[in-house]
Each structure stands twice: as structure tokens, then as C-alpha cells.
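# Observations on the model geometry
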Amino acid sequence: HLDEHCPLQKVQCVYWEHGCREEMERRHTDTHEREFLHVHFKLTTKLLTTATDRIAILEKQHSDKDVQIASLTETLFTYTQLPTGRLEWNVKEVKQNIRDKKYTYSDPFYVGLYKCQSCIEWNRNNTGNVGVFIHILRGDFDAKLHWPIRYRRTFILTNQIDSKDNLVKSDEITK
């Protein structure tokens, strides 16, 4: 009864943690909130300003990290989308990537005539084997597409030292 309902129990203002150091009997909380509305408004404004400043700092840090990641990714992975819809994604320093990275995604791109947004994932499992996957993403043209999407994809894993060891995998995607 005392902790939650007793009107004579001393309680702290709900703005206590934000700076209002008033204590009152529970029955007087409504009166306090009306009389100290201007104080609570100032405390809320200060809190909002502090939060806004913190968000700006975090957004700047996030932006800086995005630039760093983009720079690192650009040095290790480059891709070119050709007018035919063919995408060439070149992975530099493959051995280092297999050792250092668990997974990496290409930038989103649109596939062929369908304008279906996709990206490619390079994924290394715990045994060091590498998987290459294509993901269908939400895109700007989804409402105009005929679902389910059907298109043929071909992965060609090119051995840059000896092309006779190239690996070609082709199949149809339905999503």
C-alpha cells in the first residue's frame, strides 16, 4: 500500500532524475506538476538539447565510420555494372579477405530489364570456405514488377592466374 497507493507517502517528482529535486506527499503530485510546469519544461528542453547534441555527435561518428568502411571496401572489392545488366565484382587480395573477413556485401544494384534491386554477399564460414550469394532487396521499382520475379543468373568465379580453373554456376531465381 505505501509504495504504490498511499496518498501520504513521500515521493520524488517524476522529473527527479532530470533535475527537479522536489519531494511531496503522493496526493500533492498533481498540484506540483501544475505549479512547476515551467521548471519541468526547462528541464525537458535542456534534456532535448543534450540529446540532440549527442545525436549529432553520433551521426558524425557514424558518417566517419561509413567513409572509412567505404574506403576499405573500395580497396578490396570493386564492381562494374555493364549496360547488359552484367555485374563484374572483383575481389582483390582474396587470401587476405578469406582470412580477415567473415562476410561482405556489394553495394545494391538493379538487375537487368526487371529493375529488381539486389546485392551480392561474399561469406566465409568457419572452415574457410567461401560462399557467394545474391540477395533480392526492396527497391524503387517493386510495385511495377511482376511477382514472382524470375531471372537467370550466372556466377563465374574467375581464377586470375589460370582461366582454365574458372568456375561457372548458372541457375534461375524465383523470388
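Residues numbered from 1 in each chain as written. Predicted model: local features only at pLDDT ≥ 70, side-chain atom pairs only at ≥ 80, totals over all residues. Heavy atoms only, no water.

## Some thoughts on the overall build of the protein
Inclusion rule: Note on conventions: DSSP H or I runs of at least 4 residues are helices, E runs of at least 2 residues are strands, and numbering of each starts at the N terminus. Exposure categories follow from relative accessible area, calculated using a 1.4 Å probe and restricted to protein chains: below 20% of the type maximum is buried, above 50% is exposed, and the middle band is partly exposed. Between two residues, a contact is recorded if the distance between any of their heavy atoms is within 4.5 Å. Computed with the Shrake-Rupley method and a 1.4 Å probe, the accessible areas treat only the protein chains shown as cover for residues.
The helix and strand tally for the protein stands at 3 helices and 10 strands. Element order for the protein, N to C, with α for helix and β for strand: β-β-α-α-β-β-α-β-β-β-β-β-β. Here the protein holds 175 residues, and the buried ones make up 19% of them. The long-range share in the protein, meaning contacts at least 24 apart out of those at least 6 apart in sequence, stands at 27%. Counting only carbon and sulfur atoms, one obtains 54% of the accessible surface of the protein, whose full area is about 13,600 Å².

## Quick notes on the packing of aromatic side chains
Counted only if it meets this: The rule is short: rings of Phe, Tyr and Trp, with Trp giving its six-membered ring, pair when the centres are within 6.5 Å, and they are stacked under 30 degrees, edge-to-face over 60, tilted in between. Only lysine NZ and arginine CZ atoms are considered, and such an atom sits over a ring when it is within 6 Å of the ring centre and within 35 degrees of the ring normal.
Enumeration according to the criterion identifies 0 aromatic pairs in this entry. The ring of Trp16 has Arg21 lying over it, and the distance from NZ or CZ to the ring centre is 4.8 Å.

## Examining the state of the cysteines
Rules: Note that a disulfide, as used here, is simply two cysteine sulfur atoms within 2.5 Å.
One pass over the full model with this rule turns up 0 disulfides. For the unlinked cysteine Cys20, the closest cysteine sulfur is that of Cys13, found at 3.6 Å.

## Some remarks on the pattern of salt bridges
Put simply, the test is: Any Lys or Arg side-chain nitrogen located within 4 Å of an Asp or Glu carboxyl oxygen qualifies as a salt bridge.
Applying the stated criterion across every chain, the model contains 1 salt bridge. Here Arg27 ties to Glu25 by a salt bridge, and the two come within 2.6 Å at their closest N and O atoms.

## Some thoughts on the side chain of His40
The following threshold applies: In the analysis that follows, any N or O atom pair within 3.5 Å is treated as a polar contact, provided that within protein one partner can donate a hydrogen and the other can accept it, and provided that, for residues neighboring in sequence, both atoms belong to side chains.
Note on placement: His40 falls in helix 2 (residues 37-76). Judged by its relative accessible area of 4%, His40 falls in the buried class. Of the polar contacts made by the side chain of His40, one reaches the side chain of His32; its length is 3.4 Å. Ignoring anything within four residues of it in the chain, the contact list for His40 reads Cys13, Tyr15, Cys20, His32 and Glu33.

## Section: the side chain of Glu121
By the secondary structure assignment, Glu121 is in strand 7 (residues 116-124). Classification of Glu121 as buried rests on a relative accessible area of 7%. Within the local environment of Glu121, its side chain forms a polar contact with the side chain of His135, the two groups lying 2.5 Å apart.

## Quick notes on the environment of Leu47
Relative to the helices and strands, Leu47 resides in helix 2. Distance from Leu47 to His18, taken between C-alpha atoms, is 7.5 Å for residues 29 residues apart in sequence.

## A short note on the pairing of strand 7
What counts here: A pair of strands counts as paired when DSSP detects no fewer than two bridges linking them.
For strand 7, the buried fraction is high: 8 of the 9 residues fall into the buried class. Judged from the 3 bridges that link them, strand 5 (residues 103-105) and strand 7 form a sheet pairing that is antiparallel. The residue of strand 7 that forms the bridge with Tyr105 is Glu121. Two elements, strand 6 (residues 109-111) and strand 7, share 3 bridges in a ladder whose sense is antiparallel. Each residue of the ladder has a partner; that of Val111, found in strand 7, is Cys116. Taken together, the 7 bridges between strand 7 and strand 8 (residues 130-136) define a ladder with antiparallel strand orientation. Looking across to strand 8, one finds that Glu121 is bridged to Phe133.

## Quick word on the environment of Tyr15
Considering the arrangement of structural elements, one finds Tyr15 in the loop between strand 1 (10-12) and strand 2 (23-25). A relative accessible area of 26% means that Tyr15 is categorised as partly exposed. Note: C-alpha distance between Tyr15 and Leu43 (28 residues apart in sequence) is 7.9 Å. The contact partners of Tyr15, leaving out residues within four places of it in the chain, are Cys20, His40, Leu43 and Thr44.

Shape descriptors only; they carry no functional weight alone.
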